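In case you want the letters, here they are:
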Amino acid sequence: MKLGVLATYRNFLPVTAKTPIFSLGEGDTPLVRCGKLEKEIGCGELYFKLEGCNPTGSFKDRGMVVAVAKALEAGSQTIMCASTGNTSASAAAYAAYCGLTAIIIVSKGNIAAGKLAQATIHGAKIVAIDGNFDQALRIVRSLTEKHPISLVNSVNPHRIEGQKTAAFEIIEALSDAPDHLFIPVGNAGNITAYWKGFVEYYQAGRASHKPKMMGFQAEGAAPIVRGHIIEQPQTIASAIRIGNPASWQRAVTARDESGGIIGIVSDEEIMSAQRLMATGAGVFGEPASAASFAGLIKMIQQGADFSSKKIVCVVTGNGLKDTDAVLQNTMPFLELPADFATVEQALGWS
Ligand code: AN7
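Residues numbered from 1 in each chain as written. Predicted model: local features only at pLDDT ≥ 70, side-chain atom pairs only at ≥ 80, totals over all residues. Heavy atoms only, no water.

## A look at the sheet that holds strand β6 (residues 150–151)
The strands making up a sheet associate through hydrogen bonds between their backbones, and the pairing can be parallel or antiparallel.
Logical step 1: Read across the open sheet, the four strands follow the order β5-β4-β3-β6; overall the sheet is parallel. What marks the edges here is a single partner per strand, and that holds for β5 (125–129) and β6.
Logical step 2: Of the pairings in the sheet, the one linking strand β3 (residues 78–83) to β6 comprises two bridges and is parallel in character. Residue pairing for β6: methionine 80 is matched across the bridge by leucine 151. (Pairing = 2+ DSSP bridges. Helix = DSSP H or I, 4+ residues; strand = E, 2+ residues; numbered from the N terminus.)

Dropping the structure here:
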């Protein structure tokens, strides 16, 4: 049985004698090396951290298990979040497991179908607003200040605590930190969490150095890179369609303290990286999660030299959550009658 994030890393987490310890099987996700893509794009060692293997299919579960445990410890009966999809799926699942009510606020028409199905099947109360994620988060922050409800967005520090465990796992798997960590940036909680995790394991003597943090935002939703709030963020990567990240300043700190960058990738670069990851490595990540690999490819194309570097790209969410994004951009398949000879001929074997 998997121990889960709370039991495995309790000494690094805000776990007290009163904190309930439970797990839906989050954490301990694969770190997969891809020699083929290493050669193809030209970097020393290339690993994908498969966060889509978490129970609800994204990295959010690591933080959610801690946030929900602390909400239970505080006697809360209801949790609430704004979400571009994955946070709501995770909140809904952990609330269901713990017998809590989950209320989620989303931007109408802007959530990938798989994520909405998750929140629905787990029994969350779903409110869709005529507005974007940033507006939803503002409403949720005000509501949870006024009413006795636990906020489980990553402005809740327990979320960051849980999510930092992915950095611990990478160091454990590689027996040291990588040289660079490539990661998508939306609300900027995850880059904040990884940096915290790398710093803590470094300070604990578990790593000889800290990686450079390489964050990537989508071109139409890149407030940190552009240096101002984006009122109407746009990108095919709906998970990171965020114009005013809650952890903006901490992402900048992670970038600067690590000597890394936060850059931009276009929707085309995201979709082509998603495809290359799928065809070259057998990894199917959702569009937002391909922003990390897209950033790596882009930097190499622009002349960066990673030929002797150990690189980890975080694949933050499972591609099955958002199949529309893929099927809209795919070559149509062959449609044939159910006839042996016709199929054989169409495949070029007769
Ligand atoms: C797959 O679910 O913000 O920079 O509300 O789902 O920590 O926000 C999701 C974000 C990257 C960005 N990859 O992480 C939400 C939400 C995937 C995501 C991000 C998200 P942050």
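Continuing now.
## A short note on helix α2 (residues 35–42)
Logical step 1: Residues of α2 that are buried include every one of Leu37, Glu38 and Ile41, and no others. Angularly, the buried residues of α2 cover 110° about the axis, an arc narrow enough to put them on a single face. Along α2, exposed side chains directed more than 90 degrees from the buried face belong to Lys36, Lys39 and Glu40.
Logical step 2: Contacts from the buried residues of α2 go to β1 (31–33), β2 (43–50), α12 (267–281) and α13 (291–301). (Buried < 20%, exposed > 50% of the residue type's maximum accessible area, 1.4 Å probe, protein only. Arc of directions from axis to C-beta. Contact = heavy atoms within 4.5 Å.)

## What to know about the packing of aromatic side chains
Logical step 1: By the definition in use, this model includes nine aromatic pairs.
Logical step 2: On the numbers, 5.4 Å between centres and 65° between planes, the contact of phenylalanine 12 with tyrosine 201 is edge-to-face. One end of the pair, phenylalanine 12, is in the loop between α1 (4–8) and β1; the other, tyrosine 201, is in helix α9 (residues 189–203), and 189 residues separate them in sequence.
Logical step 3: Given a relative accessible area of 2%, tyrosine 201 falls into the buried group. (Phe/Tyr/Trp six-rings, centres within 6.5 Å; stacked < 30°, edge-to-face > 60°.)

## Describing the site of the ligand
Logical step 1: Among the 21 residues in the neighbourhood of the ligand, the closest are listed as Asn86, Thr87, Asn187, Ala188 and Thr316.
Logical step 2: Between the ligand and the protein, one listed contact pairs an oxygen atom with a backbone N or O atom of threonine 84 at 2.8 Å.
Logical step 3: At 2.7 Å from an oxygen atom of the ligand is found a main-chain nitrogen or oxygen belonging to alanine 188.
Logical step 4: For the ligand, the protein covers 99% of the area, taking 470 Å² as the surface of the free molecule.
Logical step 5: Those elements that provide at least two residues to the shell around the ligand are α4 (86–98) and α9.
Logical step 6: When its residues are assigned to classes, the shell around the ligand shows eight nonpolar, eleven polar and two charged. (Near = heavy atom within 4 Å. Polar contact = N/O pair within 3.5 Å; in protein donor to acceptor, adjacent residues only side chain to side chain. Areas by Shrake-Rupley, 256 points an atom, 1.4 Å probe, with all protein chains shown as cover. Nonpolar A, V, L, I, M, F, W, Y, C, P; charged D, E, K, R; others polar.)

## What about the nonpolar core?
Logical step 1: Ile79, Leu181, Ile191 and Tyr194 are the most contacted members of the largest nonpolar core, which has 57 residues in total.
Logical step 2: The element that contributes the greatest number of residues to this core is helix α3 (residues 60–73), accounting for seven residues.
Logical step 3: Of all hydrophobic cores here, the second largest spans 35 residues; its members include Leu50, Phe182, Cys313 and Ala325. (Core = buried A, V, L, I, M, F, W, Y, C linked by side-chain atoms within 4.5 Å.)

## What to know about α12
Logical step 1: Between its first and last C-alpha, α12 extends 20 Å over 15 residues, near the 21 Å set by a 1.5 Å rise per residue.
Logical step 2: Considered for burial, the residues of α12 that qualify are Ile270, Met271, Ala273, Gln274, Leu276, Met277 and Gly280. (Expected span 1.5 Å × (residues − 1).)

## With respect to the side chain of threonine 78
Logical step 1: Tracing the sequence through the fold places threonine 78 in strand β3.
Logical step 2: Those residues in contact with threonine 78 that lie beyond four places of it in its chain are Thr101, Ile103, Ile149 and Ser150.

## With respect to the side chain of threonine 84
Logical step 1: Relative to the helices and strands, threonine 84 resides in the loop between β3 and α4.
Logical step 2: A distance of 2.8 Å separates the side chain of threonine 84 from the backbone oxygen of alanine 239, its partner in a polar contact.
Logical step 3: Those residues within four positions of threonine 84 in sequence are excluded, and the remaining contacts are Asn110, Ile111, Lys115, Phe133, Ser238, Ala239, Arg241 and Ile242.

## Some remarks on the packing of α3 against α4
Logical step 1: Axis separation between α3 and α4 bottoms out at 9 Å; the angle between their running directions is 45°. Our classification of the angle between α3 and α4 gives oblique. Where α3 crosses over α4, the handedness of that crossing is right-handed. Residues Lys60, Asp61, Met64, Val65, Val68 and Leu72 of α3 form the contact with α4, whose participating residues are Asn86, Thr87, Ser90, Ala91, Tyr94 and Cys98. (Axes fitted to C-alpha atoms, helices over the stretch in contact; angles between N-to-C directions. Parallel < 35°, antiparallel > 145°, perpendicular 65-115°, else oblique. Left-handed = near helix turned anticlockwise from the far one by under 90°.)

## Overview of unusual backbone geometry
Trans peptide bonds make up the majority, and among non-glycine residues the majority have a negative phi.
Logical step 1: Residue aspartate 28 is not a glycine yet carries a positive backbone phi of 55°.
Logical step 2: Along the chain, the position of aspartate 28 falls in the loop between α1 and β1.

## Observations regarding the packing of helix α8 (residues 165–174) against α9
Logical step 1: At their nearest, the axes of α8 and α9 sit 7 Å apart, and the two run at 50° to each other. Taken together, α8 and α9 sit at an angle that is classed as oblique. Between α8 and α9 lies a crossing whose hand is right-handed. Between α8 and α9, the residues in contact are Ala166, Ala167, Phe168, Ile170, Ile171 and Glu172 and Tyr194, Gly197, Phe198, Glu200 and Tyr201, respectively.
Logical step 2: Looking at the contact of α8 with α9 residue by residue, the classes come out as eight nonpolar, one polar and two charged.

## Quick word on the pattern of salt bridges
Any two side chains of opposite charge can pair, on the condition that their charged atoms come close.
Logical step 1: Scanning the entire structure with this criterion turns up 13 salt bridges.
Logical step 2: Arginine 33 is the salt-bridge partner of glutamate 38, the closest N and O atoms lying 2.7 Å from each other.
Logical step 3: Glutamate 38 sits in the buried class, given a relative accessible area of 8%.
Logical step 4: Here lysine 164 makes a salt bridge to glutamate 161, at a shortest N to O gap of 2.5 Å. You'll find lysine 164 and glutamate 161 in the same group, each marked buried.
Logical step 5: One salt-bridge network, in which partners are shared between bridges, spans Lys49, Glu51, Arg62 and Glu169. (Salt bridge = Lys/Arg side-chain N within 4 Å of Asp/Glu carboxyl O.)

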